[in-house]
Amino acid sequence: MKKLIAVLTVFALLISFVACAKKPSPDTEATTTEQYAEEITEAAININTTEPAESDDSIETSKAPATTETAAGPSEWTPDEIVEFYKKAAEKTNPTAKSTQVMVLNELIFNDGDGVLAFFVKILEPAIASVIEKNALKFDGITGGFSDLTASDTKAIKAYKSDEYTVVEMTMKNQTDGIHANEYEGTVGHAITVLGDISRVLEQFPQFKVDVENANIAVHYVNATLKVKINKDGIIEKGTWKYTCDPEISHLDISGIMIDKADAEIDYIITVGGGF
């Protein structure tokens, strides 16, 4: 039973650290990981003593430059101009921004919901979801590899005036990564940081032997959007960046136990200034 709980803990940590925000320092990240491990394992032990109870929207086009004062309003800017306006605002805001990331576990399925392992996952899922959701991650800066963001990363984009603010909204093209990836690359990575290299999570758990190299792992990032309110000084006062992460894992060996198939669905939401 302890081995089973250990396997579930490692898998839960693996999916819960599909982090979209800028990563904290190594020391901070290690401490957070250990805290998650303790809380999830404790919850699993406690629960074990009880009875089981895409859009194809067209991109707006325009004529006026986004970086200078002209007669044309933001709603007439081209996609490239909107992106450049956002990038300059993100860069200017980045040194002082205070961001918060929360995660919500919507679904966790092992082996299509059948078998002993899947049965215990079903019991454990509320505890995992609770631990993930209550551990908000706070970090400094604006999320994403925004310096490399381009209009081609988006499938819908617009800007418009709202009182004295300029609002920018983007919907990103979906992204799929494998085991090894760069957290700031790709259509979603440019706008909202993605997991990156999965092995960095597992390195924090040397007591478990996890064979990711021979597993089939695909991490899908879907429904990624950003919406920010930029003031007249070019500072992002409020913003929300979010996406759904859908990791698919099969043939994963964890300490001699084979995970035939595992799926999860996790919402990631990053806010600045309380969100917008």
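Rules behind the numbers
Residues numbered from 1 in each chain as written. Predicted model: local features only at pLDDT ≥ 70, side-chain atom pairs only at ≥ 80, totals over all residues. Heavy atoms only, no water. Helix = DSSP H or I, 4+ residues; strand = E, 2+ residues; numbered from the N terminus. Areas by Shrake-Rupley, 256 points an atom, 1.4 Å probe, with all protein chains shown as cover. Salt bridge = Lys/Arg side-chain N within 4 Å of Asp/Glu carboxyl O. Buried < 20%, exposed > 50% of the residue type's maximum accessible area, 1.4 Å probe, protein only. Pairing = 2+ DSSP bridges. Phe/Tyr/Trp six-rings, centres within 6.5 Å; stacked < 30°, edge-to-face > 60°. Lys NZ or Arg CZ within 6 Å of the ring centre and 35° of its normal.

**Q** How should the overall build of the protein chain be read in this particular structure?
**A** Along the protein chain, the regular secondary structure elements total six helices and nine strands. Per element, the accessible surface of the protein chain, about 12900 Å² overall, is 50% carbon and sulfur.

**Q** What is the right way to look at the pattern of salt bridges in this model?
**A** Should the charged atoms of two oppositely charged side chains come close, the side chains can pair. All chains considered together, the criterion is met by five salt bridges. Between Lys158 and Glu169 there is a salt bridge, and its shortest N-O distance comes to 4.0 Å. In this pair, Lys158 is assigned in strand 3 (residues 154-162) and Glu169 in strand 4 (residues 165-172), connecting sequence segments 11 residues apart. In this structure Lys158 comes out as partly exposed when scored by relative accessible area, which is 32%. With its nearest N and O atoms 3.9 Å apart, the salt bridge here joins Asp233 to Lys232. Its relative accessible area of 44% is what places Asp233 among the partly exposed residues. The network of salt bridges with common partners includes Lys158, Glu169 and Lys227.

**Q** How should I be thinking about the pairing of strand 3 in this particular structure?
**A** Residues in a regular strand point their side chains to alternate faces of the sheet. Pairing geometry for strand 3 and strand 4, over eight bridges, is antiparallel. In the strand pairing of strand 4, Thr154 is matched with Met172. Linkage of strand 3 to strand 4, two consecutive antiparallel strands, is achieved through a turn of two residues, within which Asp163 is found at a positive phi near 55°.

**Q** Would you mind showing me how to read the pairing of strand 4 here?
**A** Along strand 4, seven of the eight residues are buried, which leaves the element largely enclosed by surrounding structure. When strand 4 meets strand 7 (residues 216-230), the two strands line up antiparallel, connected through six bridges. For Thr171, the partnering residue across the bridge sits in strand 7 and is Thr225.

**Q** Would you take a moment to explain the packing of aromatic side chains for this structure?
**A** The geometry of an aromatic ring pair is captured by two quantities: the separation of the ring centres and the angle between the planes. With the rule as written, the count across this model stands at three aromatic pairs. Here Trp77 and Phe85 contribute two aromatic rings whose centre-to-centre distance is 5.0 Å and whose plane-to-plane angle is 55°, an arrangement assigned as tilted. With a relative accessible area of 16%, Phe85 lands in the buried category. Relative to Tyr268, the ring of Tyr243 lies with its centre 5.5 Å away and its plane at 35°, an arrangement referred to as tilted. With Tyr243 in strand 8 (residues 236-254) and Tyr268 in strand 9 (residues 257-272), this pair connects stretches of sequence that are 25 residues apart. Both residues of the pair, Tyr243 and Tyr268, belong to the buried class. An aromatic cluster of at least three residues, connected via ring pairs, comprises Tyr221, Tyr243 and Tyr268. One cation-aromatic arrangement involves Lys227 over Phe276; the distance from NZ or CZ to the ring centre is 4.7 Å. Above the plane of the ring of Tyr165 lies Lys229, whose end atom (NZ or CZ) is 4.9 Å from the centre.

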